[in-house]
There are 4 protein chains.
Amino acid sequence: MNTTDIRDLTSLRDALREFADARDWRQFHTPKNLAMAMIVEAAELVEHFQWLTPEQSRALPPETLAAARDEVADTLIYLVELADALDIDLIAAARAKMAKNAIKYPPSENIE
Amino acid sequence: MNTTDIRDLTSLRDALREFADARDWRQFHTPKNLAMAMIVEAAELVEHFQWLTPEQSRALPPETLAAARDEVADTLIYLVELADALDIDLIAAARAKMAKNAIKYPPSENIE
Amino acid sequence: MNTTDIRDLTSLRDALREFADARDWRQFHTPKNLAMAMIVEAAELVEHFQWLTPEQSRALPPETLAAARDEVADTLIYLVELADALDIDLIAAARAKMAKNAIKYPPSENIE
Amino acid sequence: MNTTDIRDLTSLRDALREFADARDWRQFHTPKNLAMAMIVEAAELVEHFQWLTPEQSRALPPETLAAARDEVADTLIYLVELADALDIDLIAAARAKMAKNAIKYPPSENIE
């Protein structure tokens with residue numbers, strides 16, 4: 001697969017399967033290991049923000065933003081691989097969770 | 001927006017914007033705070049796997065899998081909100097990262 | 001060992017060894033698993049702070065502080081168990097790291 | 001303070017206060033930021049273990065062990081700074097948590 005074919009979560013998942021197979025990496029891709037890899041990438045994102053004020057975190061300098069973009073991508077990549085290993089449909093899972101959240105957190109009342 | 005309209009990352013992002021606005025939560029959604037929230041959800045995933053053998057992690061009992069599905073969804077939700085707050089296109093970022101990875105990690109040679 | 005005997009990192013380590021042995025938990029205590037357990041506890045700490053302003057994080061309400069105290073303790077407990085599993089002397093490691101940091105980050109100049 | 005004076009958690013805390021003051025770093029050391037810094041160090045530890053088998057994690061090569069020792073130290077350093085910022089006595093907190101755990105998890109029965 002050419003990476004230009006990655007257009008959504010399904011094609012990203014397929015590209016990741018092909019990528020791992022071509023390198024014989026599936027043997028390492030237990031859900032346990034993928035969850036670890038994902039939190040490590042999430043921490044690399046957190047690291048960019050740890051000493052920033054709330055305002056600074058909203059206005060990253062270009063190099064930090066470019067680095068954060070890579071970390072965001074890595075987190076998504078491991079999340080997609082983890083979901084695949086667990087046979088979870090990410091969008092369906094998010095849809096179900098949003099429906100639960102809508103019940104758990106009713107919208108604010110309009111105060112008028 | 002009805003949650004049944006969530007079919008991809010773009011409609012998920014739109015649903016999350018609407019959800020946050022209806023609850024006046026945008027004020028809390030700095031990139032710094034969203035990165036923290038995301039790593040907390042990632043850790044809830046890790047927690048399910050911490051004492052499991054590699055084999056056990058590949059064969060979760062149904063209740064653990066259902067819980068992991070919720071945690072996977074929560075991680076995706078915060079990742080989408082973080083990317084939105086940073087104005088990052090998640091799929092484009094993943095595509096660019098995959099292209100980098102293909103150069104960084106060439107496929108294994110066939111040994112014959 | 002009585003928990004009242006815990007007075008420093010060495011007696012804490014000894015109490016943790018005894019505690020794990022009495023429950024047959026050593027089999028689960030690989031460095032890999034302990035590192036996972038530690039980051040999960042660290043995330044439970046992070047969770048208390050994720051939506052707080054910097055100022056709010058300096059002035060936790062009593063119940064949040066009590067919960068944070070338990071999470072701080074859990075993080076220390078797994079850190080001590082991890083160091084023990086790797087045969088690392090925590091205080092000697094911190095001393096060596098502080099010596100490195102003193103060279104890496106020279107003190108600010110007095111500007112007068 | 002000379003780093004050779006670091007012999008326990010109290011002298012480590014004192015050395016860290018002095019170190020931060022000499023660099024004017026206290027302004028960044030909110031509990032929120034310190035919790036973030038701590039989880040980032042914890043993740044650097046996790047990273048060493050993410051692709052290892054349980055057995056491999058028990059027998060790290062010397063360079064990995066040396067790197068892990070630095071990460072263990074960094075995690076302890078931020079944990080001590082966080083506890084200090086929250087005015088938590090780490091050893092007392094661990095002692096209290098161990099007493100709770102002893103009740104929550106009774107020792108295994110001898111089966112005879």
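Residues numbered from 1 in each chain as written. Chains lettered and ligands numbered in written order. Predicted model: local features only at pLDDT ≥ 70, side-chain atom pairs only at ≥ 80, totals over all residues. Heavy atoms only, no water.

A. Representation of the relation of the copies chain B and chain A in the model. Least-squares fitting of chain B to chain A yields an RMSD of 0.0 Å, with the transformation described by 0.0 Å of translation along the axis and a rotation of 180°. Overall, the copies show the geometry of a two-fold rotation axis. In terms of C-alpha distance to the rotation axis, chain B has B:Ile39 as its closest residue, with the C-alpha 3.2 Å off the axis. The share of interface residues of chain B whose copies in chain A are also at the interface is 100%, consistent with both copies meeting through the same surface. (Least-squares fit on C-alpha atoms with pLDDT ≥ 70 in both. Contact = heavy atoms within 4.5 Å.)

B. Seen up close, unusual backbone geometry. Of note, the phi angle at D:Asp24 is positive, near 60°, even though the residue is not glycine. By secondary structure assignment, the location of D:Asp24 is in the loop between helix H1 (9-22) and helix H2 (31-49). (Helix = DSSP H or I, 4+ residues; strand = E, 2+ residues; numbered from the N terminus.)

C. Focus on the interface of chain B and chain A. At the junction of the two partners, chain B supplies 67 residues and chain A supplies 67 residues. Its largest share of buried area at the contact with chain A, chain B owes to B:Lys32, B:Arg69 and B:Met98, together 12% of the area lost on that side. Counting across the chain B and chain A interface gives four salt bridges. Here B:Lys100 ties to A:Asp70 by a salt bridge, and the two come within 2.6 Å at their closest N and O atoms. Our count for the chain B to chain A interface comes out at 16 residue pairs in polar contact (both at pLDDT 80 or more). If you list the elements that add at least two residues to the side of chain B that touches chain A, you get helix H1 (9-22), helix H2 (31-49), helix H3 (54-57), helix H4 (62-85) and helix H5 (90-104) of chain B. Here the residues of the side of chain B that touches chain A are counted per class, giving 44 nonpolar, 10 polar and 13 charged. (Buried area = accessible area lost by both parts, 1.4 Å probe. Salt bridge = Lys/Arg side-chain N within 4 Å of Asp/Glu carboxyl O. Polar contact = N/O pair within 3.5 Å; in protein donor to acceptor, adjacent residues only side chain to side chain. Nonpolar A, V, L, I, M, F, W, Y, C, P; charged D, E, K, R; others polar.)

D. Geometry of the relation of the copies chain D and chain C. The operation relating chain D to chain C is a screw motion whose rotation component is 180°, with 0.0 Å of axial translation and a residual RMSD of 0.0 Å. A shared interface surface links the copies, since 100% of the contact residues of chain D are contact residues in chain C too.

E. Fine view of the pattern of salt bridges. Residues and elements named next belong to chain A. Under the criterion given, the structure shown has 20 salt bridges over all chains. Across the pair Arg26 and Asp21 runs a salt bridge, and its minimum N-O distance is 3.3 Å. Classification of Arg26 by relative accessible area gives partly exposed; the value is 38%. (Buried < 20%, exposed > 50% of the residue type's maximum accessible area, 1.4 Å probe, protein only.)

F. Broad picture of the interface of chain D and chain C. Chain D puts 67 residues into the contact, and the matching count from chain C is 67 residues. Interface area lost by chain D to chain C is led by D:Lys32, D:Arg69 and D:Met98, which between them contribute 12%. The tally of links from chain D across to chain C stands at four salt bridges. Salt-bridge contacts for C:Lys97 lead to D:Asp74; the nearest nitrogen and oxygen are separated by 2.8 Å. The interface formed by chain D and chain C contains 16 residue pairs in polar contact (both at pLDDT 80 or more).

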